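# Remarks on the overall topology
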Amino acid sequence: MKFEVTLPIDGFKDEKEFIYKKVDDFFSTITAVKSEKEIRLMNFGALKKVTFTLPDEFMKKLEITNFDDISIYYIFVLQGTNTENSLNTFSPIILNNKSFKMGQIHLDSSILGLELFDQLLPKF
């Protein structure tokens with residue numbers, strides 16, 4: 001499925017469209033139409049859920065009228081070993097599966113009560 005970018009994706013400011021592909025129940029990919037670069041995504045529900053509110057302007061740009069129409073994903077970065085993999089938990093990608101619009105939102109960890117989140121993770 002092709003999605004129009006209505007709010008920019010970090011590192012892909014010139015990309016206007018991405019192709020979405022589901023890999024399995026946990027992982028998906030989006031591929032930039034212009035540069036053909038791929039981003040790996042992990043389903044938002046695969047980990048402990050974080051509750052947040054989408055700003056009205058964000059909802060308007062993605063044409064979100066029903067939360068059942070959206071999918072939320074973490075950007076998943078594969079490294080050499082599993083212990084080196086990373087997940088961008090505070091800047092999820094949101095897809096509106098009805099309007100085929102997408103964007104990235106940047107969450108404030110202190111508003112979510114998770115300002116100490118990085119300190120809780122083991123260091124390798």
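What this report covers is the structure whose coordinates are included nearby. All of these numbers come straight from a predicted model, not from anything done at the bench.

What follows concerns the overall build of the chain. Across its full length, the chain carries 2 helices and 7 strands. When the helices and strands of the chain are read in sequence order from the N terminus, they spell out β-β-β-β-α-β-β-β-α. Looking at the chain as a whole, 35% of its 124 residues qualify as buried. About 8100 Å² of surface is accessible on the chain, with carbon and sulfur atoms providing 53% of the total.

Turning to unusual backbone geometry, a few remarks are in order. At Glu36, a position not held by glycine, the phi torsion is positive, near 65°. Within the element layout of this structure, Glu36 appears in the loop between β3 (27-32) and β4 (38-43). On the basis of relative accessibility, which here comes to 64%, the residue Glu36 falls in the exposed class. Positioned with a positive phi, Phe100 is a non-glycine residue whose angle comes to about 60°. By the element assignment, Phe100 lies in the loop between β6 (86-96) and β7 (101-104).

This next bit is on the nonpolar core. The biggest cluster of nonpolar side chains holds 16 residues, and the ones touching the most others in it are Leu54, Phe58, Leu62, Ile64, Ile70, Ile94 and Ile105. Among the secondary structure elements, those contributing two or more residues to this core are α1 (56-61), β5 (70-77) and β6. Counting residues per element, this core draws most heavily on β5, which supplies 4 residues. Not counting residues within four places of it along the chain, the set of residues in contact with Ile105 comprises Leu54, Pro55, Phe58, Phe90, Ser91, Pro92 and Ile94. In this structure, Val5, Ile30, Ala32 and Leu41 belong to the second largest nonpolar core, which totals 15 residues.

Looking now at the pattern of salt bridges. Evaluated as defined, the whole model comprises 3 salt bridges. Residue Asp25 is joined to Lys22 by a salt bridge in which the shortest nitrogen-to-oxygen separation is 3.7 Å. Relative accessible area serves as the criterion here: at 59%, Asp25 is assigned to the exposed category. Across the pair Lys101 and Glu63 runs a salt bridge, and its minimum N-O distance is 3.9 Å. With Lys101 in strand β7 and Glu63 in the loop between α1 and β5, this pair connects stretches of sequence that are 38 residues apart. The class of Lys101 is buried, set by a relative accessible area of 12%. The exposure class of Glu63 is partly exposed, given its relative accessible area of 45%.

The rules behind these values
- Residues numbered from 1 in each chain as written.
- Predicted model: local features only at pLDDT ≥ 70, side-chain atom pairs only at ≥ 80, totals over all residues.
- Heavy atoms only, no water.
- Helix = DSSP H or I, 4+ residues; strand = E, 2+ residues; numbered from the N terminus.
- Buried < 20%, exposed > 50% of the residue type's maximum accessible area, 1.4 Å probe, protein only.
- Areas by Shrake-Rupley, 256 points an atom, 1.4 Å probe, with all protein chains shown as cover.
- Core = buried A, V, L, I, M, F, W, Y, C linked by side-chain atoms within 4.5 Å.
- Contact = heavy atoms within 4.5 Å.
- Salt bridge = Lys/Arg side-chain N within 4 Å of Asp/Glu carboxyl O.

Nothing here speaks to function; it is all geometry.
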